[in-house]
Structures are given as C-alpha cells and as structure tokens.
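# Summary of structural features
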Amino acid sequence: MKTILVTGACGQIGTDLTGVLRRLHGENTVLATSGGRPPADSVLGTGPFDVLDVTDGEAVDRLVRRSHPDAIYHLAARLSAVGETDPQRAWLVNMGGLYNILEAARAHDVRQLFWPSSIAVFGPDTPRERTPQDTVMRPTTIYGVSKVAGELLCDYYVRRYGLDVRGVRYPGVISSEAPPGGGTTDYAVEMFHAALSSGRYTCFVREDTVLPMIYMPDCLKAALDLMAAESLALQHHNAFNLAAMRFSAGDLAQAITRHVPHFTCTFEPDERQAIADSWPRSLDDTAARREWGWRPDFDLPRMTADMLGRLRARRSTGPD
Ligand code: AKB
C-alpha cells in the first residue's frame, strides 16, 4: 500500500489533488497537511489531516519520520502577487519549506517527491512565444526567484542523493473547488465567480494580456502522469514546461459571455500587470510530451463550459 504526504493540501491545487489521491490510493493512506488555510470539508472529512508549518524544519522532520510516506507532494508556497507584499516571508516559505522537505525526504528514504515550479521562473529577457524548456531565467518576482532556486536545488538532490524529485512548471491554474491564493493569474478564476454572482468583474490586467493557463483536471493529470512515468525515460526529472491553453483576459471574458450573456467585464490594470507582462505568452512543452506523454484535454471553450457547469451546480446546492 502506497502512503502519501501532501503539504499545502488546503490550497488551490492541494484541495483537488488530495481528493484524487485519496480516491486512487485509499482515504487513510493520504495524510493532508496545511500550515495556514483552514481545511475544507472535502479534505478534513475524507482522511487524516495535520497542521504542518513547512518553515519549521524539526516539525517537518518529525512528521516525515512518523508518517514515513512513500511519496510527498510538496505544494505549500506563497504565490507571485502575495509574495511581493512580504518577500522575506515568501522566501522563507518557498525556499526554506522546500529545503526542509528535501532534507526530510533524503533522511527518511522517501521514494518520490513532487514539487511544482511555475511559469514565474521566466522574466522579461525570456522569449515570450513558445518559451523553450531550457532558456533565460531571470524573473523579477521573489516567487519567481524562489522557483528558479528551487528547480536548481531539486536537480541537485536528484544528482547528489539520487532522490526521485519530479515537477512541472505550472501555468495559471483555473479551478472551481478551492480559490487560488494571491497569484497574478487569479483573475481567470475570479472572473467566473463574478460572472455568476454579480454579473460584473473588474479585471486587474489589460484586456490584451495573454498568459498560458491550465484547467484543474489537466493540472492533476500532469502531476499523476509524471509521477507514474518510467524513471529511465526522464531526462529532465523536474521543471517540465507544460502547455495547455493560452488566451487573453478579453478572450476569457468573451468565452464566459457566451454562457452568461449579461456578464460585463472592465479592465483596470494594477501592479500585477507588470508581473503578467514579464511572463511567457505560450510555452514549448515538447520535453513533457516526448519524455512522459503529456497531452492536455481542455481548451478554452471546453474549460469554460465545464467550469460554469460546476460552479452553477455548487451554487444551486449551497452558498458560493
Ligand atoms: C501565480 O499567478 O503566481 C501562479 C503561478 C503562475 O505560478 N498562479
């Protein structure tokens, strides 16, 4: 029986991932942890839960020693926009947390570790169209800096200690379950909720801002498929570029309006615009396709219809 530890289990990806892992491997085999956000019923009510501050190295070591997981999905992080409000804390959580997890995994013979990187590793000097897998990485946010350093640290643990660390560079993630927590791409999720609640949304990036995005089912599929991939087939191990869809904020508003005709969206860029402008508009994910067979299922129309269907179903059974 495979046992799994998830950090950041109450975040946007963690909430959905914990549910899928519990369905796949059994409820009691997946220990969900969170240091901040209170757990949703879907996490708390379906299996074991613990509070874990990933910046506390001793606590991380104790928990990994006690639970002795076969695999860790380390998702706890501070995202790009919130990271800029307290860069010191962002570094501590993102890099300190990753270091503590890597050390505990090494010390207690954890078989596999999944750690997500992000398109935030790229910066204004990077080619913005079909951004290559291996290219210039000079990000301008502390989140991006911590992700670049994290990618290098993960590669180091693979080489130096033979730890099986795997990961992808996620684009903006769109999902209906838990809200994202302080990212630059959060507008793509907020727009859906606003369309159904007030019918109005003021978007914090320009209408012509194009960013790569991924829908949660594809986001989860990527993590699970990469973790299941044959080790010998992997040349990169971590930090795979992942392309799913790309669209402008205006395209998204139009796609939603096709289903919610009274929806109106206005655009008032704030400081997050500069972050969005420093990131790729599309990605070359040939390495992921070639090395472990990555293929997304959702494009903009399909994702929009599915998102609205799920949110409407939730609204009809309880408060949003
Ligand atoms: C953010 O906007 O900070 C995240 C990301 C792209 O990693 N969604």
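As the structure is a prediction and not an experimental result, all values here were calculated from the model.

Another point: the sheet that holds strand S4 (residues 71–74). In space, the six strands of this open sheet follow the order S3-S2-S1-S4-S5-S7, with parallel pairing throughout. Looking at the sheet topology across the chains shown, the edges are occupied by strand S3 (49–51) and strand S7 (164–166). Strand-to-strand twist of the sheet, defined as the mean angle between neighbouring strand axes without regard to direction, takes the value 20 degrees. Direction of pairing for strand S2 (residues 30–34) relative to S3: parallel, over a ladder of three bridges. Bridging across to S3, alanine 32 finds its partner in phenylalanine 49. Along the sheet face, helix H3 (residues 57–67) touches strand S1 (4–7), S2, S3 and S4 and points at about 170 degrees away from the line of S2.

Around the ligand, the structure places Leu79, Ser80, Ser118, Ile119, Tyr143, Gly183, Thr184, Thr185 and Trp279. One of the side-chain N or O atoms of tyrosine 143 is found 2.7 Å from an oxygen atom in the ligand. Three or more residues apiece are contributed to the shell around the ligand by two domains, here domain 1 (4–171 + 214–241) and domain 2 (173–213 + 245–281 + 296–317).

The biggest cluster of nonpolar side chains holds 43 residues, and the ones touching the most others in it are Ile174, Tyr187, Met191 and Met303. Looking at this core, the elements that each hand over two or more residues are helix H6 (142–161), helix H7 (187–197), strand S10 (200–203), strand S11 (210–215), strand S13 (245–248), helix H9 (249–257), helix H10 (272–277) and helix H12 (300–317). Ranked by residues supplied to this core, first place goes to H7 with eight residues. Split by domain, this core shows at least three residues from each of two domains, domain 1 (4–171 + 214–241) and domain 2 (173–213 + 245–281 + 296–317). Not counting residues up to four positions away in its chain, the partners in contact with isoleucine 174 are Gln12, Ala188, Val189, Phe192, Met213, Ile214, Tyr215, Met216, Phe247, Met303 and Met307.

What follows covers the domain arrangement of the protein. The accessible area lost on association of the parts is a frequent measure of interface size. Domain annotation for the protein reports domain 1 (4–171 + 214–241) and domain 2 (173–213 + 245–281 + 296–317). Relative placement of domain 1 and domain 2: their C-alpha centres are 24 Å apart. Summing both partners gives a buried area of about 2600 Å² for domain 1 against domain 2, and 56% of it is carried by carbon and sulfur. The largest contributions to the domain 1 side of the interface with domain 2 come from Gln12, Arg128 and Tyr215, which together make up 30% of the buried area. Run the count over domain 1 and domain 2 and you get three salt bridges. Residue arginine 281 is joined to glutamate 129 by a salt bridge in which the shortest nitrogen-to-oxygen separation is 2.7 Å. Where domain 1 meets domain 2, there are 18 residue pairs in polar contact (both at pLDDT 80 or more). Of all elements in the fold, only helix H1 (12–25), helix H4 (80–85), S11 and helix H8 (216–228) reach the threshold of two or more residues within the side of domain 1 that touches domain 2. In terms of residues, the side of domain 1 that touches domain 2 owes the most to one element, H8, which gives five residues. Here the residues of the side of domain 1 that touches domain 2 are counted per class, giving 16 nonpolar, nine polar and seven charged.

Cut-offs applied
- Residues numbered from 1 in each chain as written.
- Predicted model: local features only at pLDDT ≥ 70, side-chain atom pairs only at ≥ 80, totals over all residues.
- Heavy atoms only, no water.
- Pairing = 2+ DSSP bridges.
- Helix = DSSP H or I, 4+ residues; strand = E, 2+ residues; numbered from the N terminus.
- Axes fitted to C-alpha atoms, helices over the stretch in contact; angles between N-to-C directions.
- Contact = heavy atoms within 4.5 Å.
- Near = heavy atom within 4 Å.
- Polar contact = N/O pair within 3.5 Å; in protein donor to acceptor, adjacent residues only side chain to side chain.
- Domains from an automatic or database assignment.
- Core = buried A, V, L, I, M, F, W, Y, C linked by side-chain atoms within 4.5 Å.
- Buried < 20%, exposed > 50% of the residue type's maximum accessible area, 1.4 Å probe, protein only.
- Buried area = accessible area lost by both parts, 1.4 Å probe.
- Salt bridge = Lys/Arg side-chain N within 4 Å of Asp/Glu carboxyl O.
- Nonpolar A, V, L, I, M, F, W, Y, C, P; charged D, E, K, R; others polar.

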